[in-house]
Every structure is written in structure tokens, then in C-alpha cells.
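Chain and residue survey
Residue strings, one per chain:
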Amino acid sequence: NLILAQSTRLDQDQWGVRMDQNISDRQRLFGRVSMYDASRRQPTGLPASVSYNSNTGANIAVNYAFIFSPTLLYEFAGGYNRATIPFGNEPLGQDFHDAVGDNYAPEVPLGFLPSSQVLTGSRYTTASYVFYDLANPDDAFQFNNSLKKIAGKHTINMGFNLLYWRHNVGVQGTSNLQYSPLTTGLPGFTGTGEALASFYTGYPTQTNYGFGVPKRTYGNIYVGFLGDTWKATRQLTVTLGLQYVYATPPRGNQVSAMDVDLARTQPLASDFTFAYLWGETNPITNAPANASPGLLEPDRNNFAPRFALAYSPFTNTSIRTGFGLFYDYNTNLIQNNNARGFAYPFAVSRAITGQNLNGVGPSNPAITLDEPYAPFVPSRAQFGNPLDRFRRDPYAMNWNFGIEQLLPANMLLAIDYVGSGGRKLSTNVQLNQAPVGAAGDINARRPWPNAGTNPFIIKQIGNSNYHSLQVKLERRFSGGLTFRNSFTWSRTLDYDSDPNSAQVSYTYNLRYSYGPATFHIPIVNVTSFVWQMPFGRGRAMANNLNRFADTIIGGWQVAGIVNLRAGQPYHILSGLDTGNTGNSIASSTERADVISSPVPDGFTQTREHWFDPNAFVVPRSGTLGNMARNALYGPAFQNVDVNLSKNFQLKERLGLEFRAEFFNAFNHTNFGNPNSTLANGALLGQITSTFAARDIQFALKMHW
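Computed from a predicted structure; not experimentally measured. (Residues numbered from 1 in each chain as written. Predicted model: local features only at pLDDT ≥ 70, side-chain atom pairs only at ≥ 80, totals over all residues. Heavy atoms only, no water.)

Right, let's get into the layout of surface pockets. Estimates place the volume of the second largest pocket at around 500 Å³. If you go around the second largest pocket, you meet 23 residues; those closest to its centre are Thr518, His571, Ser588, Arg629 and Asn630. Broken down by secondary-structure element, the contributors of at least two residues to the lining of the second largest pocket are strand E26 (569–570) and helix H6 (586–589). Considered class by class, the residues forming the lining of the second largest pocket number 7 nonpolar, 12 polar and 4 charged. (1 Å grid on protein atoms, 1.4 Å probe; cavity = no way out; pocket = protein on both sides within 12 Å on 5 of 7 lines; lining within 4 Å. Points joined across faces, edges and corners; volume = space filled by probe spheres on them. Helix = DSSP H or I, 4+ residues; strand = E, 2+ residues; numbered from the N terminus. Nonpolar A, V, L, I, M, F, W, Y, C, P; charged D, E, K, R; others polar.)

In this section: the pairing of strand E3 (residues 50–69). Sheet analysis places strand E2 (residues 27–43) next to E3, joined by 17 bridges and oriented antiparallel. Paired with Ala38 across the strands is Asn55, a residue of E3. Pairing of E3 with strand E4 (residues 72–89), which is carried by 16 bridges, proceeds in the antiparallel orientation. Across the sheet, the residue bridging to Asn53 is Phe87, located in E4. Connecting E3 to the next strand, E4, in antiparallel fashion are 2 residues. (Pairing = 2+ DSSP bridges.)

Bringing the packing of aromatic side chains into the picture now. Two numbers describe a pair of aromatic rings. These are the distance of the centres and the angle of the planes. Inspection of every chain in the model, using the stated rule, returns 15 aromatic pairs. Ring geometry for Tyr570 versus Phe611: centroids 6.3 Å apart, planes at 35°, classification tilted. Taken as a pair, Tyr570 in strand E26 and Phe611 in the loop between strand E27 (593–594) and strand E28 (616–617) lie far apart in primary sequence, 41 residues in all. Of the residues examined, Tyr570 reaches a relative accessible area of 6% and is grouped as buried. Aromatic rings pair up to connect Tyr80, Phe141 and Tyr164 into one cluster. Here the basic side chain of Arg591 rests over the ring of Tyr512, its NZ or CZ set 4.1 Å away from the ring centre. Against the face of Phe648 rests Lys646, its NZ or CZ located 4.9 Å from the ring centre. (Phe/Tyr/Trp six-rings, centres within 6.5 Å; stacked < 30°, edge-to-face > 60°. Buried < 20%, exposed > 50% of the residue type's maximum accessible area, 1.4 Å probe, protein only. Lys NZ or Arg CZ within 6 Å of the ring centre and 35° of its normal.)

A surface patch of nonpolar side chains, about 370 Å² in accessible area, is lined by Ile415, Leu469, Trp489 and Ile523. Mapping Ile415 onto the fold places it in strand E20 (residues 411–430). (Patch = residues over 30% accessible without salt bridge, like charges linked within 9 Å, V, L, I, M, F, W, Y side chains within 5 Å. Areas by Shrake-Rupley, 256 points an atom, 1.4 Å probe, with all protein chains shown as cover. Salt bridge = Lys/Arg side-chain N within 4 Å of Asp/Glu carboxyl O.)

Here we take up the environment of Arg539. Assignment of secondary structure puts Arg539 in the loop between strand E24 (523–532) and helix H5 (547–553). Not counting residues within four places of it along the chain, the set of residues in contact with Arg539 comprises Gln532, Met533, Pro534, Gly555 and Trp556. (Contact = heavy atoms within 4.5 Å.)

Our focus in this paragraph is the sheet that holds strand E14 (residues 276–278). If you trace the 3 strands from one edge of the open sheet to the other, you get E14-E13-E18, paired in mixed fashion. Looking at strand neighbours, the two that pair on one side only are E14 and strand E18 (386–387), the edges of this open sheet. Alignment of strand E13 (residues 256–259) against E18, held across 2 bridges, turns out to be parallel. In the strand pairing of E18, Met258 is matched with Pro386.

This brings us to unusual backbone geometry. The backbone of Asn580 sits at a positive phi, close to 55°, despite the residue not being glycine. Looking at the secondary structure, you find Asn580 in the loop between E26 and H6. What makes Asn580 buried here is its relative accessible area of 14%.

Core analysis: the largest hydrophobic core is formed by 22 residues, its most contacted members being Met258, Ala263, Phe272, Tyr276, Phe383 and Trp448. Those elements giving two or more residues to this core turn out to be helix H3 (260–264) and E14. Residues in contact with Trp448, not counting those within four places in the same chain, are Val260, Ala263, Arg264, Gln266, Pro267, Phe272, Phe383, Leu431 and Asn432. Within the second largest apolar cluster, 12 residues are counted, among which are Phe611, Ala615, Leu684 and Ile687. (Core = buried A, V, L, I, M, F, W, Y, C linked by side-chain atoms within 4.5 Å.)

Sheet analysis places strand E10 (residues 215–231) next to strand E11 (residues 236–247), joined by 11 bridges and oriented antiparallel. Within the sheet, the bridge partner assigned to Phe225 lies in E11 and is Gln243. Bridging between E11 and strand E15 (residues 302–314) involves 10 bridges; their strand directions are antiparallel. By the bridge assignment, Leu236 is partnered in E15 with Tyr311.

Attention now goes to the pattern of salt bridges. Scanning the entire structure with this criterion turns up 12 salt bridges. Measuring nitrogen to oxygen at the nearest pair gives 3.7 Å for the salt bridge that ties Asp299 to Arg392. With Asp299 in the loop between E14 and E15 and Arg392 in the loop between E18 and strand E19 (395–407), this pair connects stretches of sequence that are 93 residues apart. On the basis of relative accessibility, which here comes to 6%, the residue Asp299 falls in the buried class. Taken together, the shared-partner salt bridges connect Glu657, Arg659 and Glu661 into one network.

A separate point is the confidence of the model for the protein. Looking at the protein as a whole, its pLDDT mean stands at 84, while 85% of the residues score no less than 70. In this model residues 336–342 is a low-confidence stretch, pLDDT under 50, and it forms 24 contacts with partners more than four residues away in sequence or in other chains. (pLDDT = per-residue confidence, 0-100.)

Along the chain, Phe143 falls in strand E6 (residues 129–151). When the C-alpha atoms of Phe143 and Leu162 are compared, they prove to be 5.2 Å apart, with 19 residues separating the residues in sequence. Once you skip the residues sitting within four places of it in the chain, Phe143 turns out to touch Phe76, Ala77, Phe160, Asn161 and Leu162.

Right under this line is the structure:
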């Protein structure tokens, strides 16, 4: 009968200082300091149990420019950025003890008990206990130097940039204690116990903990560039450039990973200690480092050319084209994969299960709240945290060709072809997946039969391609009206749209996962406008209104955004590992077989029947589904947002702005994609989700 009101507290502070100084006619200096601090404390499932997270940091920028001559300019830019982002749960302490009363396990030392108490089958819920640093802190120092020289029709830019980054992580880990209703139930009678009562006795049935020691990684990024903008004629401008990037592999302490090539030498192993590399003394065996601190082999081939051309054959016509190559030389995916926490040999863990299940009292070994964790015993290194030591830096190629035409009435028409291609993209691959095969022992067909299902590796093998036709019609602000209409017809294809949360379905045939990207929308049309109503003083109509009338009807402005787009892609999931590959994510990646047209001639798509469910079946055992990835599309999307605003000038230095904003102004129901898993049964093909309904908000802002 415990009732306890708890609140969430959020504190945010932010401030900044800026300075601009003209030192002389040839020198100028700019500086800025920005600081921020945000923290949140909120209750979890247990009384007086608090989780916390914070985000604090600083950003400093300095810019100095020196003019040697009218044709020669030097510029220096320096920056520093710091971010600290820890989050976790505070241990249960005196507040918890006071909330639940003295009868709760009084022998437990306050401040020791983690706040994750898993109550199996209980009506009460709790949050997991975790403490983790995304950054504690992360530092980055940047120094950019550039020199610009004008020589006749050429403007030459050259420079060198240096970025030093440092990633620090404190002690991090997770722990929990689990309780069963069997501990306090009547022996032989299921359903008579309550896990919360078992929690009160202080006898958990399972304990887990794991933590990683603090670590620090760092690296440098060097960038050199040279470019020339050539004004060939009054109508033609050509720009050529070349950039070179070199990023050192992340270095520091506690950098470890499993070398896949070494692991292949002993495919039948159960202990993979032999395959691990680390960059400093092993804290368990005291063995010296067996690899360079960074582990990765650097990529020294990062040349990035640039080309652009602008040509104006007629007074109101412009033609532009360009190409550029851009490297992603230090992605968080790569950094985290190389300096991951909880990795052998820099982490420890322990789990005890199956205790105190037959009633209250000690088991062998005893687990009680005053001694919930057994001593740590070094265990065999598991198959995990694999690293592609010879990975290459991913890059994107962007290109475009377009024509702009100035039309009468301040109108501008632009038609562009825009494309891009991503290469060597980070792709999450199931490293120990078995080849497709008939029913039988899946582990026997895995590359490492004793390694289990879950090991993944991030490899630089992904590709993406984007092609689009983009048409824009724009009216520049004139007569109180401006608007823009943008139309895009595009196609986006990839293997893996988000390697943070998704993986390719079948490791041995990446083309099986190639198809429209998860975020692909083939047709988008967006219209935006701002209209100053022509009523009131200074406007075309009712210009002689008295002050009171003008306050009521004059000076209003209407703005809006109309968004029309095609539906989002999806495919039908079988939800089963019919290929017998040991796919650990089969429920979200394995596709169905298509045996007939999902939308046959004469079929009317409705919310209850968006496609014919009889068109799909579970694939035969030993095969993958024949349906292509993201081959179907959901309902189209229509949305209109409207803004109505007016400025009231109360005094010479005092004004008031009123805004009324209507999101999804006409409350149009936009449906989500249909249920698309065969296991949904009767719901297959039905749409049971919608986007947000109408939202109206009002605002007042005072200016002085």
C-alpha cells in the first residue's frame, strides 16, 4: 500500500561572450566563448530511486585575419570544444530506506544497493541500473590556417588544418539483482508468491554485474588543401581543388579488440584469448602489449578532388555543374568500435543464477543483499568485439548539373539533377552466421562453431546511390508576398540505412539486402509562403486607419508550409530464420516469399486491406525469402502548417509579437505503414498507426 509522489527536476543554464576587434586597417580579431550546463534527475520504478543524466560543455572560437596587400590575405581560426555526458542510476540510499520503512533488509549498507531490482512477474516495474559516460569529457582542439591570393583572373586558396581529439571515459558498467515470486510462494503452488515480497526479504535469485575500467583514446587529423577559382570570361567561372586527409588511428590506453584473422586460425576454439590484441599491459595476466596502441592500420590514400563550373550564356540564365569527393575520416562508429567498453581484457563481470528459488533462506552459495556478488574469477575471452584492422575510410561522391532562369514578376525557376554515391560505408555484418542450408545443427556450419550467434563486425563494404530530379520555383519577396515550391523525384538505394541499429540480413550475399533505403521517399513536393495582408498603415489597403483600428486589423501576416509526399518503403517479414543461418535478428530482417501480386488489378487499397495478404507465404526451410528489400510503399503523406502573426508597436522601444501556429491545420489523418509481419496473422496488411493529429499553439514575445 505504498504511495509516494515523486518529481522530475531539469536544470539548464547557458551563457556566452563575444568580442570583435579591428586592431588596425589590416588586422581584425574575433573571439567567442559559449558555456552550457543541463542536468536531469527523474524517478525510476522503485520509490526514492533516481536516475540522472547531464550534458555540460564549453565551446571557444578565435579568428584572426591579416591583410598583407589588396591581393593577399592570411586567416587563422582556432577552436576548442569540450563535452561531458554521463548518465546512470544512483544507488539506493537513505531516502529509499525512509520511504519503504525499517522492515526492509536493515542489514543492507546504505548506498551499496544498486537501484535495478528486477521483480519477475510483479505488478511493479523498475529501470535497469547502468552508469556510462558518453564523454567524460571529450575534448577537441582545432587549428585552421588559410592563405588567399588573387592573381589576375585566378583566386588561389591554400591551407592546412589540424584537429586533435581526445575521448575520455570513466568507470562504467551495469548491475542488477533479480527476484522471483517462488521465493515467497507456497512450495508446490505456483502463483502464490510476489517478487516484491521476495525483494523485501533480501534474498535475490540472480545477480549480475560488469564494469569497465576508465579509458582514454586520442588522435590527430591532418588536412591540406589547394584550390583555384578561375574567372575565365565574364560568363564562365571554373573552380578546381584538391584536399588530402590523414587521420591517425585512435590511440590510448584500454584499446583492445579481437583480430578476426587470428581467430580464423583456430575456428574450433572456445577460448579466444589468443585472438585478442591490446595496446598496453594486460591487467589480468600482466602480459605486455601485443599490438601497437591504435590497433588499426591507417588509411593514407584519402585524396579528395573538387570541380565546379558556372556559365551564364544569357543575362538571366545560369548553368552550374560540379563534383566533389568527401571523406568521413573519424566516424563515431569506427571510434567506438576500436575503443569499446566491456571488452576483454579491460572489463570484468560476474553472474550467479538459480538461487533462493525454493523459499526464503540461504542456498549454496548464499546470495543475500549484504553479499550479493561472488568474487570475480577471470573467465575465458569470448568471441566478440571483433575489429577490421585494415578498414578504409568511407567516402561520398556528390555531383550535380542544373539550370536557373530568372522569370518575370521576380520569379526564379531552377531545374537540377543531383546525385551522390557512398562507398566503403560502415556496414554491420553478422560475423558468425552460417551459410543457408537444410535443417540440422546450425553451429556445425558456422565459421566458428563454438562462438555463438551474436558477434557482429563493422566493415567498410557498404555502398549507397542517390539520383534525383529537383525543380524549384521561387518568388522573391515583392508586394508583400514570397513563396517557394520545391519538387523532388528521387531514388535512394543502399545495403544498410543505419548501421547503429540495423544489419544486413545475409552476410554471404550483400546484394540480397540492396534496395530502397529505409528513409527513401520517391516523390516530395513542399510549398512554403509568407503573405503580408494588405490592410493597415503602410500597406496597400486601409492605409488611413486610426491607431486603434490599425491595432486590430492592420499588420497581420500569414505563412504556411504544405508538404505532400509519397509513402515510405517497407517489405513483408517472415519473422523466421527459414534459411537456417542462425540469424540472431531474423525477426526484423528475414523476408517472405511473394507468390502473387500484392496489389493485383482492381484491388482497392484501404486502411483495413493495404495489400493482399494471400500474396505472401513463409519461405521453404533452407531458403531465404524472394521478396526484395523495401519493395512496397505505404500511404502518401499530406500536411499543412499555418502561422498567423502580428507585431504590436506599443512604444518606440517596446513591441509585442503575437503568433498562432497550427500544425496539421486541417487535422488530416496520415496513416503509417501497414502491419507487415506474417506472424501478425489477421492484422497482416492492416494499418494501425497514424502520424500526429492537429496541434495548435499560441505565443507572445515582448521586444524592448
